[in-house]
Amino acid sequence: MNDPIPFIDLSAQRARIRDKIDARLAKVIDEGAYVQGPEIFELERQLSAFGGMDDTIVCGSGTDALALPLMAWGIKPGDAVFVPSFTFAATAEVVAWLGATPIFVDVLGDTFNLDPENLQQAIDEVIRAGRLTPRVVIAVDLFGQAADYPAIRAICDAHGLKLISDAAQGFGATLSGKMASAWADVVSTSFYPAKPLACYGDGGALQTSDVELAAIIRSLRIHGYGTDKYDNVRIGMNGRMDTIQAAILLEKLAIFPEEIEARMAIAARYEAALADLVTPQRLLDGAVSTWAQYTVKLPAARRDAFMAAMKSRGVPTVIYYGKPLHRQTAYKHFPTAGNGLPVSDRLSGEVVSLPMHAYLDAATQDRVIAAARESLAEAAEAA
């Protein structure tokens, strides 16, 4: 039997740029500026140039990157923040931290991203009920594809809402050549090791072109400092990124555009080989995805058998997300749009992700494809 295939191969990229990363790390260690060192500010400048917004603030995690703009806008109890249910908990978690109410919105069955029509319905319901004040929409770039930002921005503008792009999986994704920065008030991302653009620990960043907002966020990130660090002017957090992580990200950002192209090519090979048997995530017209995960749909009754058959062939598969947020213990008491979120419920039983990373060579991918076709046939027979 062949050796097991890694779901995400971090070692291939590490081998490619190890000498450069080692040199960066040695410089940080020699200079001793482990917190707020020069690499932090260099990374912020380069991320701003890459993402197309005026100001980038790096921070300790992708969760911090979502929480900080909400804190800066004064989100509080009585406020409503609209979030998709088919995503990771951090998107809603930061809303609940502040005592505000996450309103769960359904997603589209083909793109897996926020459904603009259901978002409009959710906003209308909150306004009619009159108990909460609509304030913010957080759209998630699920699995690497940008949400339908033109449609979502129009809805936000009609109701005077702020828009955050949760680009933890999709930083660098584009629609017709434009990143989320073309529509969002804030773009937040994560540099967790498994993300397309990742460091070697926790890290995050947020971007905005609002100068006043950026200044408040910089203060909040470091305990709410003012002109004197012993006269804090607001309640903040310790949300700094370590200089070592910034040094690593500088070398990874240099090759990131090339890696996005590689991920797009790998996804295209998957679709060409498997689309007759499974339903892949559909890209919007003109979309370039970072393909954080390559996720397909298959009948729920066959998924467990398919995953077991893949495991027997040494090929890992993962479910993102097996239970939508509105079904999870900590979140099930929060409101949902309409009479429930049927698409999120259905997708949680149908989706499965295959190995995906920028260094998935053709021979290894062919092995994944062959295993998938065999495993799908076995699952169909067992159903």
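In short, a report on the structure. It should be emphasised that the depicted structure is a prediction, and the values quoted were computed from it without experimental measurement.

Take the sheet that holds strand β9 (residues 279-280) next. Taken together, the three strands give an open sheet; going across it, the order is β9-β11-β12, and neighbouring strands pair in antiparallel fashion. Looking along the sheet, the strands with just one partner apiece sit at the ends: β9 and β12 (351-354). Bridge count between strand β11 (residues 294-297) and β12: four bridges; the pairing is antiparallel. By the bridge assignment, Y294 is partnered in β12 with L354. Sitting on the sheet, helix α10 (residues 342-350) touches β11 and β12, and the angle it makes with β12 is about 45 degrees.

Here we take up the layout of surface pockets. Computed from the structure, the largest pocket encloses a volume of approximately 420 Å³. Taken together, 23 residues form the lining of the largest pocket, with F88, A168, S190, Y192 and K195 sitting closest to its centre. Secondary structure elements with two or more residues in the lining of the largest pocket: α3 (62-72), α4 (90-97) and β7 (186-190). Classifying every residue of the lining of the largest pocket by side-chain character gives 10 nonpolar, 10 polar and three charged. Considered as a void within the structure, the second largest pocket measures approximately 160 Å³ in volume. The wall of the second largest pocket is formed by I103, A122, E125, V126, A129, R131, L132, P335 and T336. Split into classes, the residues belonging to the lining of the second largest pocket amount to six nonpolar, one polar and two charged.

Moving on to the packing of α3 against α4. In contact at an axis separation of 9 Å, α3 and α4 are set at 40 degrees when each is read in the N-to-C sense. Classified by the angle their axes make, α3 and α4 are oblique. Our pair here, α3 against α4, has a crossing hand that is right-handed. Judged by residue contacts, T63, L66, A67 and L70 of α3 engage A90, T91, E93, V94, V95 and W97 from α4. For the contact of α3 with α4, the per-class residue count stands at seven nonpolar, two polar and one charged.

Before going further, it helps to examine the environment of I235. Within the secondary structure, I235 is located in the loop between α7 (211-221) and α8 (243-274). Between the alpha carbons of I235 and H223 there is a distance of 6.4 Å; along the sequence they are 12 residues apart. Look past the residues within four positions of I235 in its chain and what remains in contact with it is M71 and L220.

Okay, empty space enclosed by the protein next. Applying the stated rule across the entire model yields four cavities of 30 Å³ or more. Contributing to the lining of the largest cavity are 15 residues, with L10, Q13, K195, P196 and R263 lying nearest its centre. At the level of elements, α1 (10-31) and α8 are the ones that each hand at least two residues to the lining of the largest cavity. Among the residues making up the lining of the largest cavity, the classes are represented as eight nonpolar, two polar and five charged. Along its surface, the second largest cavity is lined by 13 residues, and F171, G172, M179, A180 and V187 are the ones closest to its centre. Looking at side-chain class alone, the lining of the second largest cavity contains six nonpolar, six polar and one charged residues.

If you walk through the whole model with that rule in mind, you get 14 aromatic pairs. A ring pair is formed by F7 and Y320, whose centres lie 6.4 Å apart and whose planes are at 35 degrees; its orientation type is tilted. With F7 in the segment before α1 and Y320 in the loop between α9 (300-312) and α10, the pair connects residues that are 313 residues apart, well separated along the chain. When the centroid spacing of 6.4 Å and the interplanar angle of 65 degrees are considered together, the rings of F143 and Y320 count as edge-to-face. Of this pair, F143 sits in the loop between β4 (133-140) and α6 (149-159) while Y320 sits in the loop between α9 and α10, and the two are 177 residues apart along the sequence. As far as the burial class goes, F143 and Y320 line up, both buried.

Procedures and definitions
- Residues numbered from 1 in each chain as written.
- Predicted model: local features only at pLDDT ≥ 70, side-chain atom pairs only at ≥ 80, totals over all residues.
- Heavy atoms only, no water.
- Pairing = 2+ DSSP bridges.
- Helix = DSSP H or I, 4+ residues; strand = E, 2+ residues; numbered from the N terminus.
- Contact = heavy atoms within 4.5 Å.
- Axes fitted to C-alpha atoms, helices over the stretch in contact; angles between N-to-C directions.
- 1 Å grid on protein atoms, 1.4 Å probe; cavity = no way out; pocket = protein on both sides within 12 Å on 5 of 7 lines; lining within 4 Å.
- Points joined across faces, edges and corners; volume = space filled by probe spheres on them.
- Nonpolar A, V, L, I, M, F, W, Y, C, P; charged D, E, K, R; others polar.
- Parallel < 35°, antiparallel > 145°, perpendicular 65-115°, else oblique.
- Left-handed = near helix turned anticlockwise from the far one by under 90°.
- Phe/Tyr/Trp six-rings, centres within 6.5 Å; stacked < 30°, edge-to-face > 60°.
- Buried < 20%, exposed > 50% of the residue type's maximum accessible area, 1.4 Å probe, protein only.

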